[in-house]
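Understanding the architecture of this molecule
Take a look at the letters that make up each chain.
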2 protein chains.
Amino acid sequence: MMRLLRRLLIGKPLHNQEMAHEKLSKLKALAIFSSDALSSVAYGPEQIMIILAASQVMAYGYLGPVALAILVLLFIVTISYVQVGKANPGGGGSYSVAIHNLGEFPALTAAAALFADYTLTVAVSVSAGTAALMSAFPELLPYEVPIDLVILFGILMLINLRGIRESSTTFVFPTYCFVFGIFALLLTGFYQALTQQAPVIPVESLSKQWDWTMSFLILRAFANGCSSMTGVEAISNGVPMFKAPAPRNATITTMWMSGILGFMFIGISFLIMHFHILPQDGVTALSQVAEDIFGRNWLYYYIQFTTMGVLYLAANTSFNGLPPLLSILARDGYMPRYLGARGERLNFSNGIILLSVVAGILIVAFNGNTEHLISLYAIGVFISFTIAQTGMVVHWKREGGHYWLPRAGINAIGAVVTGIVVLIIGITKFFYGAWIVLIFIPLMITMFKKIRKHYDDMADQLHLPMEELNPAIAAKIFPGKNIVIVPIASPTSVVAHTLKYAKSISEEVIALHIATDEETGQKIQEKWHNWNPGVQLITLYSPYRLVIQPLIDYVSELAEKKGPNDYITVLIPEFETRKWWHRLLHNQTGWILRTLLILKENVIVTTIPFHLTK
Amino acid sequence: MMRLLRRLLIGKPLHNQEMAHEKLSKLKALAIFSSDALSSVAYGPEQIMIILAASQVMAYGYLGPVALAILVLLFIVTISYVQVGKANPGGGGSYSVAIHNLGEFPALTAAAALFADYTLTVAVSVSAGTAALMSAFPELLPYEVPIDLVILFGILMLINLRGIRESSTTFVFPTYCFVFGIFALLLTGFYQALTQQAPVIPVESLSKQWDWTMSFLILRAFANGCSSMTGVEAISNGVPMFKAPAPRNATITTMWMSGILGFMFIGISFLIMHFHILPQDGVTALSQVAEDIFGRNWLYYYIQFTTMGVLYLAANTSFNGLPPLLSILARDGYMPRYLGARGERLNFSNGIILLSVVAGILIVAFNGNTEHLISLYAIGVFISFTIAQTGMVVHWKREGGHYWLPRAGINAIGAVVTGIVVLIIGITKFFYGAWIVLIFIPLMITMFKKIRKHYDDMADQLHLPMEELNPAIAAKIFPGKNIVIVPIASPTSVVAHTLKYAKSISEEVIALHIATDEETGQKIQEKWHNWNPGVQLITLYSPYRLVIQPLIDYVSELAEKKGPNDYITVLIPEFETRKWWHRLLHNQTGWILRTLLILKENVIVTTIPFHLTK
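In this report, we go over the structure that sits alongside the text. Bear in mind the structure is a predicted one, so any value in this text is a computation, not a measurement.

**A short note on the environment of A:Leu593**
Residue and element names in this part refer to chain A.
- With respect to the element layout, Leu-593 can be found in helix α22 (residues 589-597).
- We classify Leu-593 as buried; its relative accessible area is 4%.
- Setting aside anything within four residues of it in sequence, one finds Leu-593 in contact with Ile-548, Leu-551, Ile-552 and Ile-572.

**Section: the packing of aromatic side chains**
- Following the criterion strictly, the structure yields 19 aromatic pairs over all chains and no others.
- Here the aromatic rings of B:Phe575 and B:Phe610 are separated by 6.2 Å at their centres, their planes lie at 80°, and the arrangement is edge-to-face. With B:Phe575 in strand β4 (residues 567-576) and B:Phe610 in strand β5 (residues 603-611), this residue pair connects regions lying 35 residues apart in the sequence.
- For B:Phe575, a relative accessible area of 23% puts it in the partly exposed group.
- Looking at B:Phe610, the relative accessible area reads 12%, which means it is buried.
- An aromatic cluster of three or more residues is present, and its members are A:Phe183, A:Phe190, A:Phe263 and A:Phe270.

**What about the relation of the copies chain B and chain A?**
- Relative to chain A, chain B is turned by 180° and slid 0.0 Å along the rotation axis, the superposed coordinates differing by an RMSD of 0.1 Å. Given the turn and translation reported, the copies of this chain are related as if by a two-fold rotation axis. Minimal C-alpha separation from the rotation axis in chain B is found for B:Ile505, amounting to 2.2 Å.
- Both copies contact each other with a shared surface, as 100% of the interface residues of chain B are interface residues in chain A too.

**Considering the pairing of strand β3 (residues 536-541) of chain A**
All names here are of chain A.
- Across six bridges, the pairing between strand β2 (residues 508-515) and β3 is parallel. If you follow Leu-512 over to β3, its bridge partner there is Ile-538.
- Handedness of the crossover joining β2 and β3 through helix α20 (residues 518-531) is recorded here as right-handed.

**A word on the packing of helix α12 (residues 285-294) of chain A against helix α13 (residues 298-331) of chain A**
Residue and element names in this part refer to chain A.
- Contact geometry of α12 with α13 gives a least axis separation of 9 Å together with a crossing angle of 160°. With respect to their mutual orientation, α12 and α13 come out roughly antiparallel. In this structure, α12 crosses over α13, and the sense of that crossing is right-handed. Along its contact with α12, which presents Leu-286, Ser-287, Ala-290, Glu-291 and Phe-294, the element α13 presents Leu-299, Tyr-300, Ile-303, Gln-304 and Thr-307.
- When grouped by side-chain class, the residues that make up the contact of α12 with α13 number six nonpolar, three polar and one charged.

**A few points about the pattern of salt bridges**
Residues and elements named next belong to chain A.
- Evaluation of the coordinates by the stated rule reveals eight salt bridges over all chains.
- Note that Asp-456 and Arg-452 form a salt bridge whose closest N and O atoms lie 3.4 Å from each other. Of this pair, Asp-456 and Arg-452 both sit in helix α17 (residues 434-462), four residues apart, which is roughly one turn of that helix.
- For Asp-456, a relative accessible area of 38% translates into the label partly exposed.
- On the basis of relative accessible area, Arg-452 is assigned to the partly exposed category, the value being 29%.

Cut-offs and rules
- The residue numbering used here restarts from 1 in each chain and proceeds along that chain's sequence as written.
- Lettering of chains starts at A and numbering of ligands starts at 1, both following the order in which they are written.
- Restriction of local features to residues with pLDDT of at least 70 applies here, the model being predicted, together with a cutoff of 80 or more for giving and counting side-chain atom pairs; totals for whole chains, interfaces and linings are based on all residues.
- Working from all heavy atoms in the structure, the side-chain values ignore hydrogens and water.
- Under the scheme used here, helices are H or I runs from DSSP no shorter than 4 residues and strands are E runs no shorter than 2 residues, and both carry numbers assigned from the N terminus.
- The buried label goes to any residue with under 20% of its type's maximum accessible area, the exposed label to any with over 50%, and the partly exposed label to all in between, with areas taken from a 1.4 Å probe on protein chains only.
- Should any heavy atoms of two residues lie within 4.5 Å, those residues are considered in contact.
- In this analysis, rings of Phe, Tyr and Trp, with Trp reduced to its six-membered ring, are considered paired at centre separations within 6.5 Å, and the interplanar angle assigns stacked below 30 degrees, edge-to-face beyond 60, and tilted for intermediate values.
- Least squares is the method for superposing the copies, and the C-alpha atoms it fits come from residues with pLDDT of at least 70 in both.
- By definition, two strands form a pair when at least two bridges between them are found by DSSP.
- Here the term right-handed applies to a crossover when the path leading from its first strand over the helix to its second strand runs clockwise, the strands being oriented away from the viewer.
- Between the N-to-C directions of two axes lies an angle of 0 to 180 degrees, each axis being a line fitted to C-alpha atoms and, for a helix, fitted only over the stretch in contact.
- Comment on the angle field: the value is read as roughly parallel under 35 degrees, roughly antiparallel over 145, roughly perpendicular from 65 to 115, and oblique elsewhere.
- When the near helix sits turned anticlockwise from the far one by under a right angle, the crossing is termed left-handed; a clockwise turn instead gives a right-handed crossing.
- In this classification, Asp, Glu, Lys and Arg are treated as charged, Ala, Val, Leu, Ile, Met, Phe, Trp, Tyr, Cys and Pro as nonpolar, and every other residue, Gly included, as polar.
- Whenever a carboxyl oxygen of Asp or Glu lies within 4 Å of a side-chain nitrogen of Lys or Arg, that contact is scored as a salt bridge.

In structure tokens form, the structure reads like this:
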């Protein structure tokens, strides 16, 4: 039943040999990896406007320069990341670069930053998409969080658990629809801008006298705009998913993505300037632009709906980015091992589930209002950018070759520029949430290191010394005797059943009865004598009516007397009830005994299931 | 550590022989069992007024007759219950009477009604007490539910877990303080009524023309007033807690309780009439009476604070009433057996915990606003009254003797009167919550019966047939062989440790490796060959990377081939980690295997703990 449901939802298991087929073409990869980056034009330019307009600085004079600065930044980051992807065909992006070239600490910093970025992306994108749906159907408002969770677990998680290929087929269509719509909007807008007269606005608002206090504000606007660049690194983390030749295909896809992103970003910024759009409550800047250009016709609704769709899809980028990163961390021992194993559909299913759960917790904790977490993205992303670029400089230098100097130069420029961006975001947005990231990253690094330490310790303890591999010494593992203890309440068929197993594993079996008063104790002894199952019965008296303590004491005493190679096995009969709630009708003594006895060396607790048939 | 905390909170375990000491004197029993009944004068008369006044019927003309009717009812119920206590020295009240005289169905109805009544009493009394505290300190308002839970779990549950004697000493003082305060209030009030002139009120409001539509209203007022009588049955449920001679002492205590209750009830009703008190929002009628008589001085505050105290204590009545009832139900097989066992302090600790948890859930579910559950009390209580009295009629008749007819007569009157009250409450308050009780009781009865059925079924299955008690046939339980399977990932010291135990319990040990690809499989075979631990290694290939399924399949196949008396034991090594979170770093394959394999007949799953030391 469970298995059938599993097959239906996730599909049949895939054979190891089907691995090669699960690779992405460039066209599909572009849709999968870029929905995060591309969807950000829906809010990126607006984020800049919000800062400039809110502070009475008339915006249009400075939007242009800020947007151009971001375009330049995008260009630098793209060029740098093309080199990252080429040099790390194994995927893992910033983390891989850093672990190979810079050492543990910067690598873990990058991993922590990326972890924060990916989970935030899922939480924010899902709730932003639902928020768009809410504005269309306000009567759904009370169900906002449940809808978020259905989208997250019922759609995104499930599709990703089915596997990569399916996810790309599902997601290619909406992403390209969105891109197509925005291109149509931009081209129509440009045509109108060339042929029609711009709306007249007062001259004095076009530009303002420069003064130094404004520089902080403009930097903050720039920091806000950087949120448009999250997702650019996604491709370099997923290089192994591309069809061969993977590095080359990844490079080309990165170029395409950045080109489209840059064009849309600068285009929308231009139209905002041209139409003198100002931030307005409840209506996005993109919506205002679309309304000015198209009017309220179907083209306008087309833009709105594809925007909503692409916002949901942006969450999917993380599903393709984080699980491979987690698997690399797991293989290096910084995350639980099982995050590194491919599931039955050949994807990293545990990582997919972990990501969904963390994002789900964020959504529930913030009650679906995760929009103000947007600003937390950017700092994590740029920290990982900086580390990756720095790592690449070391990489080229170490590798040498003809062109190492210009290559290192490109990445050095990238490192310096993105490092400056980290400082700008960290300073201008410190009190707006950047501090959370700066606390979270050290916590994550500590966790990574503790996990690694545990695995290292364990490996030490599990190691079989060379002499034990010698067959002559292997004889040493022949054991001593095994004393079996069967706690009983009174002679029943369960006891008979348990004694039968007890005799099959040892010659030395003791039945143990804890009596709370002498009368009962004698009655049981008598019954036992009449039955005579060939096993001695020891009765312990417990006038304080404790059952577990006397048993533990008895076992402990026995454990002290036995030889170092001897075992004590305690057999606990357990009822396997036919209905789940029947279990509540039996006391949990077995479970408690098990928990307490498991702490003792060479004491084994075995549960003997007794199947109730009605 | 845990043990020390337990000793500190609950006290040292008590020996069986200390049982006799844990009995109550009359003075203590009165305080323990009567706080519920006595505290109800704080709202009982007011509940009548609310109905009469809210409906524009001027109240004073009918308050007197209604109060007198309730007094008569109290007298009848008390006399009847004195007989219940005498005839059932084992405690259990209505349930015991019904099971012995009327049969299963009425007995379970009474038990369900009492269960509802007791848990509601705890929830309502605790939140009413806290509400009183809130009116004094409104700044505590946001912490209402947490305070409720601290009182419930931190004080009431803990004191009751410590044991009966302690609880009486703790609770005697506040109950008597409350009684003393109310007596002082009443005597002062009576003196003033005799010596001073009553306030002048318009004559037409004193009485109204009778008309038939008013009768329903007056019956509803009467039904409301009946909430004052909850708790009267508490003593008859707790007869075994009294010092010897228990039945006689219980009778005397019941008389005293009813006398005090009746005096206070009628006294307060008289003063409400005399001072022409009308219901007022946020101020209780008792508070208005106290203010009129004492003015706002320390005597007024004394009344307020002792009222608050006694409301908290009322909850305690249930702690002394429900656990013994549950223990009787458990012994009869209608509730889980462990509710019938005396804990280390000789009380029914599991019942105390169950009551606290259910009341806690009610408080949290109603967010601390449980006052409107007050009306649910009365119907449950009167259902159990009616059943008990009917049962007593049968009891006297069956027992015969000289005075059986007058005795049966008293209980017959009780049965008829309380039966009429059930009808009155059920009809007049049906839409005000009585319907909930009428749904709850059948559900509870179904549950009782299902539990009983499970225990009966189990007894059938556990029964050892007579022939098995014959020593000659006992030899049959000598078993066949035991095949031990040890799943391994690679040869490590954990595997060595597990094989050692495997060899101690059987000659026939199989090591089983699930390889996800051929290369790894061959490498492990080679290592195993070099090590040569004297156990054969079987390698299964699983190209779909499933680990659990091939193992289950292998065991199932083996299980089909083995003899009917043979066993298969699967040994699963489990890491006992030093820190709890280390456990999260290991996969839970062992637990899943255990859950799946436990369903198979004669397959035993044993966990071999491997203690990690760092």
